[in-house]
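Below, each chain spelled out in residue letters.
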Amino acid sequence: MKKVTALSALSAAAMAIPTQAEVAPTDETFSYRYTSYQEADSPRERTFTAETGRYQIDVQQFGYRTPIGESWYLASELQYETMSGASPTQTYKNDEGQSTLLMSGASIEEQRVDIKVAPKKYFDHGTAGGLLAASIENDYQSLALGLDGTLDIFNKHTTLIGSLSVSNDELSPTDPELSTARTEADGRKKRSFSVYQGINQVIDKFSTVQMGVGYTQLTGYLSDPYKFKDNRPEARDQITFSAQHKQFANVLDGAALHSSYRYYYDDWGISSHTLDLKWAQQFNFGKMRLIATPLVRYYTQTEADFYSLQENPQAEDFNSSDYRLSAYGAFTVGFNSELKLDKVSFHFDWQQYISRESLALFGASDDEAPALVNFSTFTAGVDYKF
Amino acid sequence: MASPCKFLLQGEEALIEKACLQAQAEVQRIEQKFSRYRDSSLLQAINKNAGLKATKIDAETAGLLNYADLCYQQSDGLFDISSGILRQVWNFKSNTLPNENAIQRLLPLINWSSIQWDQSEIFLPKKNMEIDFGGFGKEYAADRAAEVFQSLGIQHGLVDLGGDIRIIGDKVDQSGWTIGIRDPKQPAQAITQVTLHQGAMATSGNYERFMKVGGQHYCHIMKANTGWPINFWASVTVLAPQCLVAGSLSTLTMLAEQEGASWLKEQEVPFLAIDINGQQISCL
């Protein structure tokens, strides 16, 4: 008998036996979600126009997923949205140095239809997927194509993830004769190209970590034709670095802590940090299982180089008073729940989002941004497995 | 599997039912792929092509061959997956010993080191050569079944494939799973019990298949170099993180006979070895 430790040699060899191929899901499922998205009214004391009511969006989502043959899986989704309400058109500083908000006068009523089809092929050591998505509104059309893939290495403890997508959007603002911005935007295109590279690593039986870097390039008409004095560059490069950690814990009937951080940077001068924490707690009641997930998110960003609250900026200068380009911070608190029975599961989710200039961690400004929005969403849904 | 296959699980019933079906399917998959009794198995294809041509293999099979190779090296050739052919002359139901000439005729066909293989194919160079994974297939299946349960979120349970045990996770109350170790003299009874919270336990025993001829005990575990059964240990039980490893450590110890005790101690794993006189060496 050899004197080397057989235990370590055998254990290593045993670990090196590859597990079976990632198996294609075998469940055929139908899902339905209703989501109500409600923005809080804009502040009366800062709103110049009579209208203070903001967007209310109702979303109906139908999903169908099915295996095709042994190794293919197809996910499809149809979404129908109805929007109503007004949106901010400009924020400017008045003579007293106060920020004043202009809202679109007429309440907008709009519909949007989204269709998504995503086939995926499962191989012994990874997956390859595609995505075709189309979105139609009366003033906006979008078509997107994507490819994604995963590759398992080191006995499936490490997964390489990659994806690539392109989109081509076309603007056709309602009532183009109403403003020069709308006339100019009519028929203009907006294109995007995105690439993501990531790595997922199993740390031990109870935890995994994923890191990734993403790049997106936007070109074309990137201004908002419905806003006043909105003139943005026709290109935007965006980079993100992200890290996610998942830790399973033996608390009650099982729990998992998901934490993630994302850093974002673009060449418009905006950088942002996002921190997410989620605790998914499982409770078993006989044949029923409840997964309750409280979550909290913090977001902070700096303002774009051309963000300004000038009432009448030089026409040729880049300019925007869009609150989404200002320096601000935001908190989201939420609670997701899923009740699983044998073939049916029910979902109830709620989230409250609050954003403020003063919550910005970096580059906070004294200027008020009264258009910064607070909103809440409520989702109810059901999944059915055939 | 020829031996009883048992899952002990705690948790939500609906999830357990679903997981059991998948774990069972995984055990059956391994059996069908590597069974020497099924004509359609990959192993049969490899053996039928002996002396004729190479057979394509997948990564899982290559991983198992690599494991078998390591067992061969660690045992100085006493453990050889091409030794199953000895079944042709050793019939434990006949209660008669095989003819020594018949054994000698088979020995040239038992030679793992002559087998050519790599990650994508294997070639057995002589006609009538055979390989099988009987020496560790059951233990491997126990590990895989446990991993299926773990991947589906089952946290409390164990897989028991004919006495080869792999823990999925401790009991809900963390009191551990109590498992009996067979008494080799009276295999229906336990000689002692161990409590396992994690890992695996496997036993090799001379009582599984054997015959007594002229008062001498002849069991199914045979030395590849002589073609004759070992006759020193009655049973060796080993605890290790993986059932596959626990099983190989116990089988290799059985094969090493007297030297096995010191070799097993060097592995620093909990074990119980009982020799044919009933003498125990315990490190549990």
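Everything numeric in this text was worked out from a predicted model, so none of it was measured. (Residues numbered from 1 in each chain as written. Chains lettered and ligands numbered in written order. Predicted model: local features only at pLDDT ≥ 70, side-chain atom pairs only at ≥ 80, totals over all residues.)

## Observations concerning the overall build of chain A
Then step 1. Summing up its helical and strand segments, chain A has 2 helices and 18 strands in all.
Then step 2. For chain A, with 386 residues in total, the buried portion stands at 16%.
Then step 3. Of all intrachain contacts in chain A linking residues separated by at least 6 positions in sequence, the fraction that spans at least 24 positions is 59%. (Helix = DSSP H or I, 4+ residues; strand = E, 2+ residues; numbered from the N terminus. Buried ≥ 20, exposed ≤ 12 C-beta atoms within 10 Å, placed from the backbone. Contact = placed C-beta atoms within 7 Å.)

## Digging into the overall build of chain B
Then step 1. A tally of regular secondary structure across chain B gives 7 helices and 14 strands.
Then step 2. Considering chain B as a whole, with its 284 residues, one finds that 45% of them fall into the buried category.
Then step 3. Across chain B, the fraction of contacts at a sequence separation of at least 24, relative to all contacts at a separation of at least 6, is 60%.

## Observations regarding helix 3 (residues 59-74) of chain B
Residue and element names in this part refer to chain B.
Then step 1. Under the 1.5 Å per step criterion, the end-to-end length of helix 3 is 22 Å for 16 residues, consistent within 8% with the ideal 22 Å.
Then step 2. For helix 3, the full list of buried residues reads E60, T61, G63, L64, L65, Y67, A68, C71 and Q74.
Then step 3. Looking one or two places after helix 3, you find D76, whose phi comes out positive at around 50°. (Expected span 1.5 Å × (residues − 1).)

## Here's the deal with the sheet that holds strand 14 (residues 280-283) of chain B
Residues and elements named next belong to chain B.
Then step 1. Read from one edge to the other, the open sheet built from 7 strands follows the order 1-5-6-9-12-13-14, with strand pairing classed as antiparallel. Every interior strand has two partners, whereas the edge strands, strand 1 (5-10) and strand 14, have only one. Mean inter-strand twist for the sheet, computed between neighbouring axes without regard to direction, equals 5°.
Then step 2. Strand direction decides the pairing type here: strand 12 (residues 233-240) and strand 13 (residues 271-275), joined by 5 bridges, are antiparallel. Residue pairing in the sheet places W233 in a bridge with D275 of strand 13.
Then step 3. Along the sheet face, helix 5 (residues 137-151) touches strand 5 (156-161), strand 6 (164-169) and strand 9 (200-205) and points at about 15° away from the line of strand 6. (Pairing = 2+ DSSP bridges. Axes fitted to C-alpha atoms, helices over the stretch in contact; angles between N-to-C directions.)

## Points about the sheet that holds strand 3 (residues 116-117) of chain B
Residues and elements named next belong to chain B.
Then step 1. Here we have 3 strands laid out as an open sheet, ordered 2-4-3, and antiparallel in their pairing. In the strand order of this sheet, the two ends are held by strand 2 (55-56) and strand 3, each with one partner.
Then step 2. Strand direction decides the pairing type here: strand 2 and strand 4 (residues 121-123), joined by 2 bridges, are antiparallel. Of the residues in strand 4, the one forming a bridge with T55 is I122.

## Some points on the packing of helix 1 (residues 6-15) of chain A against helix 3 of chain B
Then step 1. Direction vectors running N to C along helix 1 of chain A and helix 3 of chain B enclose 165°, while the axes themselves pass 9 Å from each other. By the angle between their directions, the pair helix 1 of chain A and helix 3 of chain B is classed as roughly antiparallel. Considering the relative orientation of helix 1 of chain A and helix 3 of chain B, their crossing is right-handed. Residues A6, A9, L10, A13 and A14 of chain A of helix 1 of chain A touch helix 3 of chain B, and the partners they reach there are N66, Y67, L70 and Q74 of chain B. (Parallel < 35°, antiparallel > 145°, perpendicular 65-115°, else oblique. Left-handed = near helix turned anticlockwise from the far one by under 90°.)

## So, the interface of chain A and chain B
Many descriptions give the size of an interface as the accessible area lost when the pieces come together.
Then step 1. At the junction of the two partners, chain A supplies 21 residues and chain B supplies 28 residues.
Then step 2. Among the residues forming the side of chain A that touches chain B, the class breakdown is 10 nonpolar, 6 polar and 5 charged. (Nonpolar A, V, L, I, M, F, W, Y, C, P; charged D, E, K, R; others polar.)

## Things to note about the environment of T52 of chain A
Then step 1. Following the sequence through the fold, T52 of chain A ends up in the loop between strand 1 (29-39) and strand 2 (56-68).
Then step 2. Separated by 53 residues in the primary sequence, T52 of chain A and G105 of chain A have C-alpha atoms spaced 9.4 Å apart.

## As for the packing of helix 1 of chain A against helix 6 (residues 243-256) of chain B
Then step 1. Where helix 1 of chain A meets helix 6 of chain B, the closest approach of the two axes is 9 Å, and the angle between their N-to-C directions is 140°. Between helix 1 of chain A and helix 6 of chain B, the angle is such that the two are oblique. At the point where helix 1 of chain A passes helix 6 of chain B, the crossing takes the right-handed sense. Here helix 1 of chain A contributes A6, L7, L10, S11 and A14 of chain A to the contact with helix 6 of chain B, which in turn contributes L244, V245, S248, L249 and L252 of chain B.
Then step 2. Grouping the amino acids of the contact of helix 1 of chain A with helix 6 of chain B by side-chain chemistry returns 8 nonpolar, 2 polar and no charged.

## Re the nonpolar core
Taken as a class, soluble globular proteins show a tendency for nonpolar side chains to be buried jointly.
Then step 1. Grouped together as the largest cluster of nonpolar side chains are 85 residues, with contacts concentrated most on A145, V238, A240, A246 and L249 of chain B.
Then step 2. Ranked by the residues each element gives to this core, the list is headed by helix 6 of chain B, at 9 residues.
Then step 3. Ranked by size, the runner-up nonpolar core spans 10 residues in total, among them L101, A327, Y328 and A369 of chain A. (Core = buried A, V, L, I, M, F, W, Y, C linked by C-beta atoms within 7 Å.)

## A short note on the pairing of strand 2 of chain A
All names here are of chain A.
Then step 1. Bridge count for strand 1 against strand 2 is 10 bridges, and the pairing is antiparallel. Residue pairing for strand 2: S31 is matched across the bridge by G63.
Then step 2. Both strand 2 and strand 3 (residues 72-85) contribute to a ladder of 13 bridges, which runs antiparallel. When the sheet's bridge partners are listed, I68 is paired in strand 3 with W72.
Then step 3. Joining the antiparallel neighbours strand 2 and strand 3 is a turn of 3 residues, in which G69 adopts a positive phi near 65°.

## A short note on the confidence of the model for chain B
All names here are of chain B.
Then step 1. Looking at chain B, pLDDT values average 90 and 99% of them are 70 or higher.
Then step 2. When pLDDT is averaged over each helix and strand of chain B, the minimum, 86, is found for helix 1 (residues 13-34) and the maximum, 96, for helix 6.
Then step 3. Interface confidence for the predicted complex, given as ipTM, is 0.85, next to a pTM of 0.61. (pLDDT = per-residue confidence, 0-100.)

## Some points on unusual backbone geometry
Then step 1. The backbone of D175 of chain A sits at a positive phi, close to 45°, despite the residue not being glycine.
Then step 2. You can see D175 of chain A is positioned in the loop between strand 9 (158-171) and helix 2 (180-185).
Then step 3. On the basis of neighbour counts, which here come to 10 C-beta atoms within 10 Å, the residue D175 of chain A falls in the exposed class.
Then step 4. Even without glycine at this site, N128 of chain B takes up a positive phi of about 75°.
Then step 5. Residue position: N128 of chain B is located in the loop between strand 4 and helix 5.
Then step 6. For N128 of chain B, a count of 13 C-beta atoms within 10 Å translates into the label partly exposed.

## Brief notes about the pairing of strand 17 (residues 344-356) of chain A
All names here are of chain A.
Then step 1. Pairing of strand 16 (residues 328-340) with strand 17, which is carried by 12 bridges, proceeds in the antiparallel orientation. Bridged to G334 within strand 17 is Q351.
Then step 2. With antiparallel pairing between neighbouring strands as the criterion, strand 16 and strand 17 make up a hairpin whose turn holds 3 residues.
Then step 3. Relative to strand 18 (residues 375-385), strand 17 runs antiparallel, the two sharing 10 bridges.

## Structural notes on the environment of F248 of chain A
All names here are of chain A.
Then step 1. Here F248 lies in strand 12 (residues 235-249).
Then step 2. C-alpha of F248 to C-alpha of S207: the two residues are 41 residues apart in sequence and 6.1 Å apart in space.
Then step 3. If near-sequence neighbours (up to four positions away) are discounted, F248 is found in contact with F206, S207 and A256.

## Section: helix 1 of chain B
Residue and element names in this part refer to chain B.
Then step 1. When the terminal C-alpha atoms of helix 1 are compared, their 31 Å separation across 22 residues agrees well with the 32 Å that a helix rising 1.5 Å per residue should span.
Then step 2. Of all the residues in helix 1, the buried ones are A19, A23, V27, I30 and F34. End-on, the buried residues of helix 1 take up no more than an arc of 75°, which puts them together on one face. Exposed residues lying more than 90 degrees from the buried face of helix 1 are E17, L21 and A25. (Arc of directions from axis to C-beta.)

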